[in-house]
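Chain by chain, the residues:
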Amino acid sequence: MRLYGGAQYHRAMAEFRLVVGSIKCPPITREEIVNACGVEDIHDGTNYSRTACVIAVAKACDTFEPFLHQLSFRLLYILKRLSPISVFLLEKDGEHFSSHDVLVKRVQAAFNRFAESTEQSCRERCMEDLESTTRYVTWSLHNKNRAGLRHFLDSFVAPEQLCANTHTAHSAGLHEQSTGLNDSKQDRPKGELKSSHTSDSNPSGGVSETRLVDLLDNTLWNRRLAPSSERLVYALVHQIFHGIKEHFLVTTELKFNCFLLMPIVDKLAALLREDLESAFEDDLDSIFSVTELRHSLGQKKRELEIELKQMKRLKEKFTEINKKLNSLQVRQQA
């Protein structure tokens, strides 16, 4: 499609949203997790949330920064195309700029300087946002996909809970068989029923405490990278990466719309007028080719003077010929 101007700008932004929005978190190796664990300053355990943050921000910065530079350079190219396209459309409408090449070049140079400075300023703003997002993890900002994280954690916590419940039920069944399962509940005293109900509820609490201790033992109290710890780091990294990606998409598009597109609309006309006014005051030759025009007029004047001298010589010759012809005619008549 032969798009230009705003249409090409919005197409580039739509492609940027599509490409960056479909990016998945890069794969994570066990070596990266182990290297990112680092050393704690007060104990020899491991803080896997810190490990996940270190990995996620590094991968997000390496992944998204090239796309930011690519988008910035592409939008700058789109802006610079506007100058020759505008001249072409004006000439198509009947305007002629062939005799004002210096003026057109001056306007194009001022526009290109404005576009480059505006693009650089906007790109620096976007880089500041990306650096701030990947420098320090703020859970209220990066923790956008809590439902997905909860589903992921439940997916590998549920089997462990199922095994624990099965083990508890099996132990309870053996206990009932040993005490005699044929006794009816009506024959038991109320206190016995109450104590039996209490004893049935206690194992679940014990299992929860056991699971909590196992979780701490796997994630905090040793440096052995267990499969559950590895999967937990994977989940946290993907969650943080997704939060950074969503924030990066929104802020980048907003920054380019506000600090690249809108200055073209709001500031360009005033900037070109100031540039031309300053050129009129300082040096008129920088806008109109006065020196070249003066030189061409002088050359034309010299050519006309030479032609005038030639015409005078011819006139004198014709005058002499006319005199000779008149004298000859008088003689013939006499």
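These numbers were taken from a predicted model, which means no experiment stands behind them.

*Asks:* Looking at this structure, how should I read the overall build of the protein?
*Replies:* Scanning the protein for helices and strands turns up 10 helices and 0 strands. Start at the N end of the protein and walk to the C end: the helices and strands fall as α-α-α-α-α-α-α-α-α-α. Counting all 334 residues of the protein, 26% fall into the buried class. The long-range fraction of contacts in the protein, counting pairs at least 24 apart against all pairs at least 6 apart in sequence, stands at 84%. Total accessible area on the protein stands at roughly 22,900 Å², and carbon and sulfur atoms take up 57% of it.

*Asks:* Where do I start with the packing of aromatic side chains in this structure?
*Replies:* Each pair of aromatic rings is reported with the distance of its centres and the angle of its planes. Summed over all chains, the structure comprises 3 aromatic pairs. An aromatic cluster of at least three residues, connected via ring pairs, comprises Phe16, Phe64, Phe241 and Phe248. Residue placement shows Arg125 over the ring face of Phe259; its charged tip is 3.9 Å from the ring centre.

*Asks:* What should I look at first to understand the nonpolar core in this one?
*Replies:* Within soluble globular proteins, side chains that are nonpolar generally end up buried alongside one another. Core analysis: the biggest nonpolar cluster contains 48 residues, and Phe64, Leu75, Val237 and Phe256 have the highest contact counts within it. Residue contributions to this core peak at 14 residues, all from helix H3 (residues 48–92). Beyond its immediate sequence surroundings of up to four residues, Leu75 is in contact with Tyr9, Ala12, Met13, Phe256 and Leu260.

*Asks:* Quick question: what am I supposed to make of a positive patch on the surface here?
*Replies:* A contiguous patch of positive charge, built from Lys309, Lys312, Arg313, Lys315 and Lys317, is present on the exposed surface. With respect to the secondary-structure elements, Arg313 resides in helix H10 (residues 290–333).

*Asks:* Even after reading the chapter, I still don't get the environment of Ser132, so can you show me in this structure?
*Replies:* The residue Ser132 is located in helix H4 (residues 101–135) in this model. You can call Ser132 partly exposed: its relative accessible area is 44%. Within the local environment of Ser132, its side chain forms a polar contact with the backbone oxygen of Asp129, the two atoms lying 2.8 Å apart.

*Asks:* Hey, could you run me through the pattern of salt bridges in this one?
*Replies:* Pairs may arise between side chains of opposite charge once their charged atoms sit close together. Taken as a whole, this structure holds 7 salt bridges when the rule is applied. Ionic pairing is found between Arg17 and Glu253, a salt bridge with its closest N-O pair at 2.6 Å. Taken together, the positions of Arg17 in helix H1 (residues 6–21) and Glu253 in helix H8 (residues 227–266) put the pair 236 residues apart, joining distant regions of the chain. Residue class for Glu253 comes out partly exposed when judged on its relative accessible area of 23%. Where Lys255 meets Asp129, a salt bridge forms, and the shortest distance between an N and an O atom there is 2.8 Å.

*Asks:* Would you mind showing me how to read a nonpolar patch on the surface here?
*Replies:* Taken together, the side chains of Met311, Leu314, Phe318, Ile321 and Leu325 make up a nonpolar region of the molecular surface, amounting to roughly 520 Å² of accessible area. Within the secondary structure, Leu325 is located in helix H10. Owing to a relative accessible area of 52%, Leu325 belongs among the exposed residues under this scheme.

*Asks:* Explain the packing of H1 against H8 here, please?
*Replies:* In a pair of packed helices, the angle between the axes and the distance between the axes together describe the arrangement. Look at H1 against H8: their axes get within 10 Å of each other, and the N-to-C directions meet at 165°. In terms of orientation, H1 and H8 fall into the roughly antiparallel class. The crossing of H1 and H8 is right-handed. Contacts between H1 and H8 pair Tyr9, Met13, Phe16, Arg17, Val20 and Gly21 from the former with Lys245, Phe248, Leu249, Thr252, Glu253, Phe256, Asn257, Leu260 and Leu261 from the latter. Its residues assigned to classes, the contact of H1 with H8 comprises 9 nonpolar, 3 polar and 3 charged.

*Asks:* Mind showing me how you'd approach the confidence of the model for the protein here?
*Replies:* One rule of thumb: low pLDDT means the predicted coordinates there are not for detailed reading. Of all residues in the protein, 68% attain a pLDDT of 70 or more, and the chain-wide mean is 77. Below pLDDT 50 for its whole length, residues 158–201 participates in 11 contacts with residues either more than four positions away or in separate chains.

*Asks:* Looking at this structure, how should I read the packing of H3 against H8?
*Replies:* Taken N-terminus to C-terminus, the directions of H3 and H8 make an angle of 25°; their axes are 8 Å apart at the nearest point. By the criterion of interaxial angle, the relationship of H3 to H8 is roughly parallel. Every pair of crossing elements has a handedness; the one defined by H3 and H8 is right-handed.

What counts and what doesn't
Residues numbered from 1 in each chain as written. Predicted model: local features only at pLDDT ≥ 70, side-chain atom pairs only at ≥ 80, totals over all residues. Heavy atoms only, no water. Helix = DSSP H or I, 4+ residues; strand = E, 2+ residues; numbered from the N terminus. Buried < 20%, exposed > 50% of the residue type's maximum accessible area, 1.4 Å probe, protein only. Contact = heavy atoms within 4.5 Å. Areas by Shrake-Rupley, 256 points an atom, 1.4 Å probe, with all protein chains shown as cover. Phe/Tyr/Trp six-rings, centres within 6.5 Å; stacked < 30°, edge-to-face > 60°. Lys NZ or Arg CZ within 6 Å of the ring centre and 35° of its normal. Core = buried A, V, L, I, M, F, W, Y, C linked by side-chain atoms within 4.5 Å. Patch = residues over 30% accessible without salt bridge, like charges linked within 9 Å, V, L, I, M, F, W, Y side chains within 5 Å. Salt bridge = Lys/Arg side-chain N within 4 Å of Asp/Glu carboxyl O. Lys, Arg positive; Asp, Glu negative; His and termini not counted. Charge placed at Lys NZ, Arg CZ, Asp CG, Glu CD. Polar contact = N/O pair within 3.5 Å; in protein donor to acceptor, adjacent residues only side chain to side chain. Axes fitted to C-alpha atoms, helices over the stretch in contact; angles between N-to-C directions. Parallel < 35°, antiparallel > 145°, perpendicular 65-115°, else oblique. Left-handed = near helix turned anticlockwise from the far one by under 90°. Nonpolar A, V, L, I, M, F, W, Y, C, P; charged D, E, K, R; others polar. pLDDT = per-residue confidence, 0-100.

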